[in-house]
Amino acid sequence: MSEKKAGLLEGFKAFLTRGNVIGLAVAVVIGAAFTNVVNAVVKGLINPVVGAFGTQDLERYTSCLRSPCVVDPETGRTDGIEILWGSVLSATLSFLITGAVVYFLLVLPMARYLARRAAAQAAKEGVQETLEVSELEVLKEIRDALVDRPGHA
């Protein structure tokens, strides 16, 4: 195996074994499972509630672009051009619910945690800087006292 291929394989191995790649893979799997839950909530709860206030299930709302939009009961084929805007609305609701849950349960708490951590680190660095400055001032005072002492040339 050539040296270039060995370097590429080592780089790829290092890339795969880093923690952020594994964390990303876990997030994708959890996200896919969570999306299934949200889709089930939208289809099982929200669509029927909309149907209770409307005339039908949310995904069944359509408009006819070119008439007649009649379904042939024998073939199941629709004559005309039908726009399935209820399905689009249902998918949009799924997206918004998923986004809201991810933001409020993951992103917002993590941002608050990181802000607190940064503030604590800044305070710690400020204390360290104050100690360094006061230490430097004490050393300057000692130097000045040694220079000003009688009998010093």
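Right above here is the structure, for reference.
Here's a quick rundown of the structure. (Residues numbered from 1 in each chain as written. Predicted model: local features only at pLDDT ≥ 70, side-chain atom pairs only at ≥ 80, totals over all residues. Heavy atoms only, no water.)

## Observations regarding the packing of aromatic side chains
The tally for this structure, following the rule as stated, stands at two aromatic pairs. On the basis of an interplanar angle of 40 degrees and a centroid distance of 5.4 Å, the ring pair of Tyr 61 and Trp 85 is categorised as tilted. Taken together, the residues span a long stretch of sequence, with Tyr 61 in the loop between α2 (19-53) and β1 (63-71) and Trp 85 in helix α3 (residues 85-148) at a distance of 24 residues. According to the relative accessible area criterion, Trp 85 is partly exposed, its value standing at 37%. (Phe/Tyr/Trp six-rings, centres within 6.5 Å; stacked < 30°, edge-to-face > 60°. Helix = DSSP H or I, 4+ residues; strand = E, 2+ residues; numbered from the N terminus. Buried < 20%, exposed > 50% of the residue type's maximum accessible area, 1.4 Å probe, protein only.)

## Describing a nonpolar patch on the surface
On the surface, Val 102, Tyr 103, Phe 104, Leu 105, Leu 106 and Val 107 cluster together to form a nonpolar patch covering roughly 590 Å² of accessible area. Mapping Phe 104 onto the fold places it in helix α3. We classify Phe 104 as exposed; its relative accessible area is 53%. (Patch = residues over 30% accessible without salt bridge, like charges linked within 9 Å, V, L, I, M, F, W, Y side chains within 5 Å. Areas by Shrake-Rupley, 256 points an atom, 1.4 Å probe, with all protein chains shown as cover. Salt bridge = Lys/Arg side-chain N within 4 Å of Asp/Glu carboxyl O.)

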